[in-house]
Each structure stands twice: as structure tokens, then as C-alpha cells.
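Okay, here's what each chain looks like letter by letter:
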Amino acid sequence: MKNRLKVLRAERDWSQAELAGRLDVSRQAVNAIETGKHDPSLPLAFRIARLFDMRIEEIFDDEI
Amino acid sequence: MMKSERQDDEAPFSAKRYFAHLTIWSAGLSLVLIAGLVVMFGIRDYSISGETADLWLVLLGAPITLAAFAYLWKTAPDFTLGEPQTPRGKRVRWLVWGVVLVGIATSLPINLAGSDQGGQLLFGNGPVPSRTALIVLLMWSVALPILAILGRRTADEHARTAHDAGMAAGFQTFYYAAPIWWMGWRGGFFSQPDVMILFVGAGIVCSAVTLWRRFA
């Protein structure tokens, strides 16, 4: 699944480790989500959306 | 610091680079520890024999060993395994230390009991002294399950998914290999099945798949 996580993170000048800390996941998890190797669970997707103050479908896109 | 500068400075996390650093650093530490032992033996031998060769060994070896140790201290990896400095990340690191301690507590009595048998005691199927077996049984039946439960509760969903994939692959390995070996033995094609070989094989597959899913 494609997502805008890397762009959103870069806009806030956060490293992968910083984002991982804010989401309480590992740095590998952030890297895997950004590269599309891991699709986050619904609870984690909601945490990501809340963190960026956006809706889930504004961050994740399964149609691209 | 400007945003663009910071992004340029900050290299993205690379599992390959991290584990290469960890491996090379660990190998370097092993060499330094061995060098330290050689110097210690040199001091001991010099105090006994008073030979000049032992003194030279100490005079040359000690500063080189100390300098190498200082360099390793400065270049030590962060041991975070990619985990951020959060309460969960710290729990993960404590669990890693727990696994290391259980490994030492398990292997030490086996090695001490079988010091005259090489690797036969650990890798053979022969009898083991009751006291040694009891320590290992306690580790495997009490400490390891506790660590496994704590690890499962502490891991994030990415690590859990990777571990689940590894466990599935490991079990599939056992699921196919065990009956094939068993029937092959009954048909006279193979030697008698060895449950520990099946266990180790399944464990290797489980670990390889877990690491691949997590870090590749």
C-alpha cells in the first residue's frame, strides 16, 4: 500500500527514529511502512493519522 | 540547524550497515579481549621466569591493547537495535540482555560439565549430569517462556508480524521434514529421526525468515 508517511515526516523534519518514538514502534517498523513492505494495522494507522492530524485515507492510498 | 542541512546530515537507518558495524565491532572486542589475556599471561610468566621475551610482550602488548580498547569504546554501536529511546524500546533492550543472560546461564554449566568432552555434551544424545540438566531445564522451562511472553507483549506489530512469519515457516519445515524422515527411516532409506536435528533445522528457518522479514 502506498503512503505519504515519508513526505509528511520530512515536512516536520523528523527522523525515522523520532517518528518511531512518537508512534511507540521500532525504527524498522517506520522504515517498513514508508517503503510499503509493511501495511500497518488499523489501530496503528489511526495513531499515525492522529499524529499528523489527518484522515487515514489522506495518508494511505490502496488505489495507486 | 536548517531543515535541509539536517536531512543531509542524517543518514537513514540501514540494517545492513548497523549489523555490519555490530559484527565487526564484536570481532574487534573479541580480539582485544584475547590480546588482554595474552598480556596477562605475559605478566604472570615474567613474574615467574623473569625472561626478557615476556617483558617485551607486556611492554608492547599492553599499550596496543589499551589503545585498541579505547578505540572500540569510542566507536561502540548504540545497541538500540533500531528501537527508539522510549519505555517500550528500553524494555526491548532489557529483554535482549535477559536472553543473553539465559544463554550464558544455560551454556556455562554445560560447558563446565563437558569441558573434557569438547562439544559432545551439548550436541550429543548421551547422558548429562543431573545437576547440569536441572539448571538447563529450569532455564528452558521457566525463564525462556517468561521471556517469550514478555517479548511478545513488548514487540511492536512489525516485529510480531515478522516473528509470526518466521514461526509459520519454521513449523512448516518441521511439518514436512518430520514425517518424510520418519517414513524414510521405516522404509530403510534414512537413519533414525533425531528430534533435536529437526528442532534445530526448524529454528534456523524460523530465525532466518524472522530476520529477513524484519530487516531486509
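Definitions and limits used
Residues numbered from 1 in each chain as written. Chains lettered and ligands numbered in written order. Predicted model: local features only at pLDDT ≥ 70, side-chain atom pairs only at ≥ 80, totals over all residues. Helix = DSSP H or I, 4+ residues; strand = E, 2+ residues; numbered from the N terminus. Buried ≥ 20, exposed ≤ 12 C-beta atoms within 10 Å, placed from the backbone. Expected span 1.5 Å × (residues − 1). Bend = angle between axes of the 7 residues up to and from the residue. Core = buried A, V, L, I, M, F, W, Y, C linked by C-beta atoms within 7 Å. Contact = placed C-beta atoms within 7 Å. Axes fitted to C-alpha atoms, helices over the stretch in contact; angles between N-to-C directions. Parallel < 35°, antiparallel > 145°, perpendicular 65-115°, else oblique. Nonpolar A, V, L, I, M, F, W, Y, C, P; charged D, E, K, R; others polar. Left-handed = near helix turned anticlockwise from the far one by under 90°. pLDDT = per-residue confidence, 0-100.

### Looking at the overall build of chain B
For chain B, the helix and strand inventory stands at 8 helices and 0 strands. The order of α-helices and β-strands along chain B, N terminus first, is α-α-α-α-α-α-α-α. Relative to its 216 residues, chain B shows a buried fraction of 12%.

### What to know about helix α3 (residues 52-74) of chain B
The terminal C-alpha atoms of α3 of chain B, which comprises 23 residues, lie 33 Å apart, in line with the 33 Å expected from a rise of 1.5 Å per residue. The principal kink in α3 of chain B, of about 25°, is found at Gly 61 of chain B, preceding the proline Pro 63 of chain B by one to four residues.

### Here we look at the nonpolar core
In globular proteins that are soluble, nonpolar side chains generally tend to be buried together. Core analysis: the biggest nonpolar cluster contains 12 residues, these being Leu 5, Ala 17, Leu 19, Ala 20, Leu 23, Val 25, Ala 29, Val 30, Ala 32, Ile 33, Ile 48 and Ile 59 of chain A. Those elements giving two or more residues to this core turn out to be α2 (16-23) and α3 (27-34) of chain A. Every residue in contact with Ala 32 of chain A, bar those within four places of it in the chain, is listed here: Lys 37 and His 38 of chain A together with His 158 of chain B.

### Details of unusual backbone geometry
Even without being a glycine, Asp 13 of chain A presents a positive backbone phi close to 60°. Residue placement: Asp 13 of chain A occurs in the loop between α1 (5-11) and α2.

### Focus on the packing of α2 of chain A against α3 of chain A
Residues and elements named next belong to chain A. Contact geometry of α2 with α3 gives a least axis separation of 8 Å together with a crossing angle of 105°. Viewed along their axes, α2 and α3 adopt a mutual orientation that is roughly perpendicular. When α2 is examined against α3, the residues Gln 16, Ala 17, Leu 19 and Ala 20 are found in contact with a partner set consisting of Arg 27, Ala 29, Val 30 and Asn 31. When grouped by side-chain class, the residues that make up the contact of α2 with α3 number 5 nonpolar, 2 polar and 1 charged.

### Details of the packing of helix α4 (residues 87-113) of chain B against helix α6 (residues 130-154) of chain B
Each pair of packed helices can be described by the angle between their axes along with the distance between the axes. Residue and element names in this part refer to chain B. The geometry of α4 relative to α6 is characterised by a closest axis approach of 10 Å and an angle of 165° between their N-to-C directions. Our classification of the angle between α4 and α6 gives roughly antiparallel. By crossing handedness, the relation of α4 to α6 is classed as left-handed. Residues Arg 88, Arg 91, Val 92, Leu 95, Gly 98, Val 99, Val 102, Ala 105, Thr 106, Pro 109, Ile 110 and Ala 113 of α4 form the contact with α6, whose own contacting residues are Thr 132, Ile 135, Val 136, Met 139, Ala 143, Leu 144, Leu 147, Leu 150, Gly 151 and Thr 154.

### Focus: the confidence of the model for chain B
Residue and element names in this part refer to chain B. Within chain B, residue pLDDT values average 83, and 86% of them lie at 70 or more. Taking the mean pLDDT of every element in chain B, the minimum, 41, falls on helix α1 (residues 3-9) and the maximum, 96, on helix α7 (residues 157-186). Per-residue pLDDT stays below 50 along residues 1-10; that stretch engages in 5 contacts with residues further than four places along the chain or on separate chains. Reported confidences for the modelled complex are a pTM of 0.70 and an ipTM of 0.90.

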